[in-house]
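Tertiary structure, described
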Amino acid sequence: MDIVSFEQAREIVAREVCSGRRLPETEAVPLAQAQGRIAVEAVAADRDYPPFDRATRDGYAVRARETPGSLRVMGQVRAGAEFSGELRPGEAVEIMTGAPVPAGADAVVMVEHTRCEGETVVLERRVREGENVVPRGSEAQAGQAALAPGRRLRYPEVALLASFGHSAVRVYRRPRVSILSTGDEVVEIADTPLPYQIRNSNAHSLAAQVTRAGGEPILLPIAPDELASTTGLVERGLEADLLLLSGGVSMGKYDLVERVLADLGAQFFFDGVLIQPGKPLVFGRAREKFFFGLPGNPLSTMVTFEVFARAALELLGGAAEAPLRFTHARLASDFRHRPGLTRFLPAMLSGAGDAAVLNPVKWQGSGDVVALTRSNCLLVASANREEWKAGEWMPVLPL
Ligand code: AMP
Ligand code: MG
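Reference entry: report on the structure contained in this document. (Residues numbered from 1 in each chain as written. Chains lettered and ligands numbered in written order. Predicted model: local features only at pLDDT ≥ 70, side-chain atom pairs only at ≥ 80, totals over all residues. Heavy atoms only, no water.)

1. Comments concerning the sheet that holds strand β8 (residues 107–110)
Taking strand neighbours across the sheet as the criterion, the 6 strands line up as β8-β5-β7-β6-β10-β9 in an open arrangement whose pairing is mixed. Unpaired on one side and paired on the other, β8 and β9 (114–117) mark the two borders of the sheet. Averaged over neighbouring strand pairs, the angle between their axes works out to 40° when direction is ignored. The pairing of strand β6 (residues 69–77) with strand β10 (residues 120–123) spans 4 bridges and is classified as antiparallel. When the bridges of β10 are listed, Ser 70 appears paired with Val 122. (Pairing = 2+ DSSP bridges. Helix = DSSP H or I, 4+ residues; strand = E, 2+ residues; numbered from the N terminus. Axes fitted to C-alpha atoms, helices over the stretch in contact; angles between N-to-C directions.)

2. Description of helix α6 (residues 298–316)
Maximal helix bending in α6 amounts to about 45°, located at Phe 305. Counting buried positions along α6 gives 19 out of 19 residues, so the element sits mostly inside the fold. (Bend = angle between axes of the 7 residues up to and from the residue. Buried < 20%, exposed > 50% of the residue type's maximum accessible area, 1.4 Å probe, protein only.)

3. Here we look at the sheet that holds strand β22 (residues 282–286)
With mixed pairing, 6 strands are arranged side by side in an open sheet as β17-β14-β18-β23-β22-β19. Edge positions in the sheet fall to β17 (216–219) and β19 (267–270), since each has one partner strand and no second. Strand-to-strand twist in this sheet, taken as the mean axis angle between neighbours without regard to direction, amounts to 25°. When β22 meets strand β23 (residues 289–294), the two strands line up antiparallel, connected through 5 bridges. Within the sheet, the bridge partner assigned to Val 282 lies in β23 and is Gly 293. Each of β14 (176–181), β17, β18 (242–246) and β23 touches helix α3 (residues 201–212); the most contacted strand, β17, lies at about 160° to it. Across the sheet, α6 is in contact with β14, β18 and β23; its angle to β23 comes to roughly 170°. (Contact = heavy atoms within 4.5 Å.)

4. Topic: the pattern of salt bridges
Under the defined criterion, the tally for this structure stands at 21 salt bridges. With its nearest N and O atoms 3.0 Å apart, the salt bridge here joins Glu 91 to Arg 88. Accessibility expressed as a relative area gives 8% for Glu 91, which makes it buried. Exposure remark for Arg 88: the relative accessible area of 51% places this residue in the exposed category. In this structure, Arg 287 and Glu 235 form a salt bridge, with 2.9 Å as the shortest nitrogen-oxygen distance. With Arg 287 in the loop between β22 and β23 and Glu 235 in helix α4 (residues 227–237), this pair connects stretches of sequence that are 52 residues apart. Salt bridges sharing common partners tie together Arg 152, Arg 212, Glu 306, Arg 310 and Glu 314. (Salt bridge = Lys/Arg side-chain N within 4 Å of Asp/Glu carboxyl O.)

5. Re the side chain of Ser 300
Inspection of the secondary structure assignment puts Ser 300 in helix α6. With residues up to four places along the chain from it excluded, the contact list for Ser 300 reads Pro 277, Gly 278, Pro 295 and Ser 366.

6. Considerations on unusual backbone geometry
Where the residue is not glycine, phi is negative for most of them; where a peptide bond is considered, it is trans in most cases. Following Tyr 49, the chain continues to Pro 50 via a peptide bond in cis, the omega torsion being -10°. Its location among the elements puts Pro 50 in the loop between β3 (43–44) and β4 (54–55). For the bond from Thr 67 to Pro 68, the omega torsion is -10°, close enough to zero to count as cis. Tracing the sequence through the fold places Pro 68 in the loop between β5 (59–62) and β6. Notably, Arg 287 is not glycine yet its phi reads approximately 50°, a positive angle.

Structure (C-alpha cells):
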C-alpha cells in the first residue's frame, strides 16, 4: 500500500501526467464553439493594440503642459473618425471616448472639468501627460504573442481572438474518457433494482463531470465483481485517453480492481490518499494510459474526480496547468474534525466577497447524494488542523 497526503497526490498526478502524456490531435473550431477548449498555438497580435493612441474619456485633447488654462477649440474627433491636422500650442480638439488622440496632443481633459466659452474651452484642472490616453501598442505590439499555447479559451480569450480577427481557432481534440463502474450490486438506471441492488449513479455523475472538464465520456457496461469480465472491460477502457473506474478499490474480498490492473502490467503511483471521502483512491498507468480507481461511494467518486482526476483530464487535453480553484468563506459556526485526513464536506455557501458565509450541511456519510444536492460547495478542512472558530475563513471548492 502506498498512501500519500492530499498535497502529495496532487503533485504526483500533475507530474506523472505532464511527463507521460501524449497530446491529442488538433482541430480547428469556429469561434462560437471555442468556449472551454484548449488553444494549441500561440496567437500573435495582428497589429498594435490599441492601434492608435486611444482616448478613454469624453473631453478635450490637449497638451498637458497647457493645463489648466484656456485653449482654442479647433474641431472635433469622434470614435470611428480621425482628426486630420496636428494640434499646435494654444489649441484643443473636442474628443470622444474611443477616438484617436490627434497628433500634437498628449492628454485628454474630462468634459466634466471644462467650460465652453464660444470658440474657447476653459480647462479647470491640470492633467498629467498621458492622462486619459492609452498609448498605441501598450496592450500588445504587432507580432507579439498575446495568447499562450495550452490556454483554456474562456470569454476573455474569445474577445482577444475576435479582436485579432480570428473566426476559427486550433484546439486540442477532447480527451476520450472511459467510465467503468464495478459491483455485483450495481444495475443500469433503466432497470428496476431488486431490494439489495442500487442503480449506477456513478457512471452518470462522472459523465457530467467529464463533460464539464472538457472531456468526452464513454460509458462502458457495468463490470461484475469477477476477474475475467472485469479484465475484459478494463482492457476496453484502456483504449481511451483516460480510464475511470468506480468501486472495487477497498480492502473487501470482492474488490478486484487493483488485482486486474496489476495483472495487466499496471504501474501504481499511489493506492491511497489521506482524504475523506475517497481514501482508497488508486492512480496508475497501464498500456500507456492513465487510470483512476475511484472509490464507489457516490460522494467519494465525485470528490476524487473533482480534486484529482479532473486535473489529469485537463492536462491530458493539452492544458498547460490545472489548478484547483478554491474560494474562501467565513464559517457560520465553530467547526472541528479529527486531523490526519484532508476532508471535503458538503456545505452551503451564501453571500459573496467579505460577506461569504459557509454552513456545513448535515450528511449521512459518503453515500449521501441527497445531502450533496442540498449543498453548493465542499468545505475543505486541512489535515493539519483540528478547530476553526465561527467567522474564520475556510477554503471552499464550488460544486
Ligand atoms: P465499493 O467502492 O465497491 O466498495 O463501493 C462502495 C459503496 O459505493 C457501496 O455501497 C456501493 O454499493 C456503492 N457504489 C459502488 N458503485 C456504485 C455506482 N456505480 N453507483 C452508485 N453507488 C455505487
Ligand atoms: Mg464494490
